[in-house]
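Okay, here's what each chain looks like letter by letter:
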Amino acid sequence: AILISFILIAPTRGSTQFSLTAIDAVKPTAADVPQGFIFGTVPAPYRKTLKDNPWMMDRAAIKRLADKIYPGGDHNQIMGVHVSIIAKKEKPLGDDIVCYVILYRDIKAAEKEIHKVNEYAGYNRERAIVLSRDNLAVFIFADDPVYFQLVQEMARTIEDRLKAL
């Protein structure tokens with residue numbers, strides 16, 4: 001009886017593996033956009049890849065952009081990516097703050113890929129923040145360090161959502 005109990009309990013211990021619905025639970029909303037900013041407009045030349053903003057990327061976009069989001073990004077390890085490009089109201093084609101919510105295929109892939117994201121963010125400490133839980137990562141960065149305080153505020157809100165998952 002003890003052995004059977006252990007087998008039934010064991011799978012529930014350890015890390016959780018999230019599904020695509022977790023992205024919807026943590027992604028930035030219009031209420032998260034700082035005052036004086038908007039979800040920007042994707043410039044025409046980039047609409048072939050980024051079809052909307054904010055947007056849940058399709059496979060083609062993930063394949064094309066994974067290693068552009070962070071060096072060494074492996075599109076094969078990514079299940080889904082939501083991107084939000086935030087721009088100053090007076091410059092809607094800008095990319096002043098960008099938030100990627102990335103769901104990895106599994107915990108093992110997440111550990112490897114999140115290490116890469118953290119390394120990249122470490123080189124951009126004054127502009128970037130990475131939040132992660134299990135196989136989900138949120139990578140927020142500012143085009144200019146002057147916006148880093150706004151990135152930190154967004155990160156606090158999103159971190160609360162991550163904790164609630």
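Preceding block: the structure.
Definitions and limits used
- Residues numbered from 1 in each chain as written.
- Predicted model: local features only at pLDDT ≥ 70, side-chain atom pairs only at ≥ 80, totals over all residues.
- Heavy atoms only, no water.
- Phe/Tyr/Trp six-rings, centres within 6.5 Å; stacked < 30°, edge-to-face > 60°.
- Helix = DSSP H or I, 4+ residues; strand = E, 2+ residues; numbered from the N terminus.
- Buried < 20%, exposed > 50% of the residue type's maximum accessible area, 1.4 Å probe, protein only.
- 1 Å grid on protein atoms, 1.4 Å probe; cavity = no way out; pocket = protein on both sides within 12 Å on 5 of 7 lines; lining within 4 Å.
- Points joined across faces, edges and corners; volume = space filled by probe spheres on them.
- Nonpolar A, V, L, I, M, F, W, Y, C, P; charged D, E, K, R; others polar.
- Pairing = 2+ DSSP bridges.
- Salt bridge = Lys/Arg side-chain N within 4 Å of Asp/Glu carboxyl O.
- Polar contact = N/O pair within 3.5 Å; in protein donor to acceptor, adjacent residues only side chain to side chain.

J.: Looking at this model, I keep getting lost on the packing of aromatic side chains. Mind explaining?
T.: The geometry of an aromatic ring pair comes down to the distance between the two centres and the angle between the two planes. Summed over all chains, the structure comprises four aromatic pairs. Relative to Phe-141, the ring of Tyr-100 has its centre 6.3 Å away and its plane inclined at 25°; by these criteria the two rings are stacked. Separated by 41 residues along the polypeptide, Tyr-100 in strand E4 (residues 97-104) and Phe-141 in strand E6 (residues 136-142) bring together distant segments of the chain. On the basis of an interplanar angle of 70° and a centroid distance of 6.0 Å, the ring pair of Tyr-120 and Phe-139 is categorised as edge-to-face. Of this pair, Tyr-120 sits in helix H4 (residues 107-122) while Phe-139 is found in strand E6, placing the two residues 19 residues apart along the sequence. Accessibility expressed as a relative area gives 29% for Tyr-120, which makes it partly exposed.

J.: Quick question: what am I supposed to make of the layout of surface pockets here?
T.: Where empty space is left can be seen by rolling a probe of water-molecule size over the atoms. Considering only enclosed or pocket space, the largest pocket measures out at about 450 Å³ in volume. Where the lining of the largest pocket is concerned, the elements lending two or more residues are helix H3 (59-69), strand E3 (78-88) and E4. Examining the composition of the lining of the largest pocket, we find that three residues originate from one element, H3, more than from any other. The residue makeup of the lining of the largest pocket, split by class, is 14 nonpolar, three polar and two charged.

J.: Quick question: what am I supposed to make of unusual backbone geometry here?
T.: It is generally the case that most residues other than glycine have a negative phi and that most peptide bonds are trans. Here the amide bond leading from Asn-53 into Pro-54 is cis, since omega sits at -10°, within 30 degrees of zero. As for its placement among the helices and strands, Pro-54 is situated in the loop between strand E1 (37-39) and strand E2 (55-56). In this structure, Asp-134 takes a positive phi of about 55° despite not being glycine. Mapped onto the elements of the fold, Asp-134 is located in the loop between strand E5 (128-133) and E6. On the basis of relative accessible area, Asp-134 is assigned to the partly exposed category, the value being 24%.

J.: Sorry, what's going on with the pairing of E3 here?
T.: Sheet faces and side chains relate simply in a regular strand, where the side chains alternate between the two faces. Counting buried residues along E3, nine of its eleven residues qualify, which places the element largely inside the surrounding structure. Looking at chain direction, E1 and E3 are connected through three bridges and run antiparallel. Pairing of Phe-39 across the sheet is with Ile-86, part of E3. Inspection of the sheet shows E2 paired to E3 by two bridges, in the antiparallel sense. Bridge assignment links Trp-55 to a residue of E3, and that residue is Val-83. With eight bridges connecting them, E3 and E4 associate as antiparallel partners. Among the inter-strand pairings, Gly-80 is bridged to a residue of E4, identified as Leu-103.

J.: Would you mind showing me how to read the pattern of salt bridges here?
T.: It is possible for side chains bearing opposite charge to pair when their charged atoms get close. With the rule as written, the count across this model stands at seven salt bridges. Its salt-bridge partner being Lys-27, residue Asp-24 comes within 3.0 Å of it at the nearest N-O pair. Salt-bridge contacts for Arg-161 lead to Asp-32; the nearest nitrogen and oxygen are separated by 2.8 Å. On the criterion of sequence distance, the pair formed by Arg-161 in helix H5 (residues 148-164) and Asp-32 in the loop between helix H2 (21-26) and E1 is long-range, its members being 129 residues apart.

J.: I tried to follow the environment of Ser-19 on my own but got confused; where do I start?
T.: Secondary-structure assignment places Ser-19 in the loop between helix H1 (2-9) and H2. A relative accessible area of 39% means that Ser-19 is categorised as partly exposed. For Ser-19, the side chain forms a polar contact with the side chain of Thr-21, separated by 3.0 Å.

Nothing here speaks to function; it is geometry throughout.
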